[in-house]
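Each chain, written out:
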Amino acid sequence: MTAALQSDYPPESEWTTDDLDALPEDGRRRELLDGVLLMSPSPTRTHQTIAGHLMAALDEDCPDGYDVTQAVEVRINRTRSFIPDVLITTAAAAAREPSKYEPHEVVVAIEIVSPNTRSIDRVLKPALYAQAGIPYYWRIETEGALEVVTYRIDAVNEVYTETGRWTKFVDTGEPFPINLPISRITPRVR
């Protein structure tokens, strides 16, 4: 593996979370999908503004027992690791100041759809987050007016069921009462 880290070549076998840990802290967003290294381009200003506003808004109403953060890695297994744009986790997990969460510590994984990640955010990540047992998934659509699509897990079938499409307010009681005006997360300049 050391040779792979010192060259442009991947390891001889699949990438693992150990390989991720050995990479330099250079600000690049690296995720693993079944041993394949995924690197996303830097997010846009709009993407980051939505993530920042959403994190702040959710944090204001976040009750004890939960914590809101953004862009912290979720280690699903040794060859699968993702970085949701915004996460709601258990407060107990947040108290240990992690740089990585286990799936059972994540309550909501939220992805903001970008042109480069449409298929990943709409199809791939929700399927894999559900398989990992993360109870809720939110997807924020950014083409045109913002839309927040919320999902709850069907744990028996390991899939998400849509619970709402929100264009004015996210008004849900899951995982805690949330009444969030979409205008609060909409960037001033779009």
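Conventions we followed
Residues numbered from 1 in each chain as written. Predicted model: local features only at pLDDT ≥ 70, side-chain atom pairs only at ≥ 80, totals over all residues. Heavy atoms only, no water. 1 Å grid on protein atoms, 1.4 Å probe; cavity = no way out; pocket = protein on both sides within 12 Å on 5 of 7 lines; lining within 4 Å. Points joined across faces, edges and corners; volume = space filled by probe spheres on them. Helix = DSSP H or I, 4+ residues; strand = E, 2+ residues; numbered from the N terminus. Buried < 20%, exposed > 50% of the residue type's maximum accessible area, 1.4 Å probe, protein only. Pairing = 2+ DSSP bridges. Right-handed = clockwise from strand over helix to strand, strands pointing away. Core = buried A, V, L, I, M, F, W, Y, C linked by side-chain atoms within 4.5 Å. Contact = heavy atoms within 4.5 Å. Salt bridge = Lys/Arg side-chain N within 4 Å of Asp/Glu carboxyl O.

> How would you summarise the layout of surface pockets if you had to cite specific residues and measurements?
In this structure, the largest pocket occupies an estimated 650 Å³ of space. Looking at the largest pocket, it is lined by 27 residues, and the ones nearest its centre are Glu-25, Arg-28, Arg-29, Arg-30 and Ile-83. For the lining of the largest pocket, the secondary-structure elements that each account for two or more residues are α2 (17-22), α3 (45-61) and β4 (73-77). Per-element accounting of the lining of the largest pocket gives the leading share, three residues, to α3. What the second largest pocket holds in volume is close to 310 Å³. Together, 21 residues line the second largest pocket, and Ser-40, Pro-41, Ser-114, Asn-116 and Thr-117 are the ones closest to its centre. Within the residue set of the lining of the second largest pocket, elements represented by two or more residues are β2 (36-39), β8 (106-112) and α5 (118-131).

> An account of the pairing of β8 is requested, with residue identities and associated values reported.
Strand residues, when the strand is regular, have side chains that alternate between the two faces of the sheet. Along β8, seven of the seven residues are buried, which leaves the element largely enclosed by surrounding structure. Pairing of strand β6 (residues 86-90) with β8 involves four bridges; the strand directions are antiparallel. Each residue of the ladder has a partner; that of Val-86, found in β8, is Ile-110. Relative to strand β9 (residues 136-141), β8 runs parallel, the two sharing five bridges. Counterpart to Glu-111 in the pairing with β9 is Arg-139. The handedness of the β8 to β9 crossover, carried by α5, is right-handed.

> Outline the nonpolar core, listing residues and values.
Leu-54, Leu-58, Trp-138 and Ile-140 are the most contacted members of the largest nonpolar core, which totals 25 residues. Mapped by element, the contributors of at least two residues to this core are α3, β6, β8, β9 and β13 (178-181). Of the residues forming this core, the biggest block, five residues, is contributed by α3. Not counting residues within four places of it along the chain, the set of residues in contact with Ile-140 comprises Ile-50, Leu-54, Ile-110, Glu-111, Ile-112, Val-113, Leu-146, Glu-147, Val-148 and Ile-185. In terms of nonpolar packing, the next biggest core, distinct from the first, is built from 19 residues, Val-72, Leu-128, Ala-130 and Tyr-137 among them.

> Describe the pattern of salt bridges, with residues and values.
Charged atoms that come close allow side chains of opposite charge to pair. Inspection of every chain in the model, using the stated rule, returns 16 salt bridges. Of the charged contacts in the structure, one is a salt bridge between Arg-78 and Asp-18, with a shortest N-O distance of 2.7 Å. Here the residue Arg-78 occupies a position in the loop between β4 and β5 (80-82), and Asp-18 occupies one in helix α2, the gap between them amounting to 60 residues. Residue Arg-78 is classed as partly exposed on the basis of its relative accessible area of 47%. A relative accessible area of 44% places Asp-18 in the partly exposed class. Among the ionic pairs, Arg-165 bridges to Glu-147, the shortest N-O distance being 3.2 Å. Separated by 18 residues along the polypeptide, Arg-165 in strand β11 (residues 159-166) and Glu-147 in strand β10 (residues 147-154) bring together distant segments of the chain. With a relative accessible area of 45%, Arg-165 lands in the partly exposed category. Sharing partners across several salt bridges, the network here consists of Asp-21, Glu-73, Arg-75 and Lys-100.

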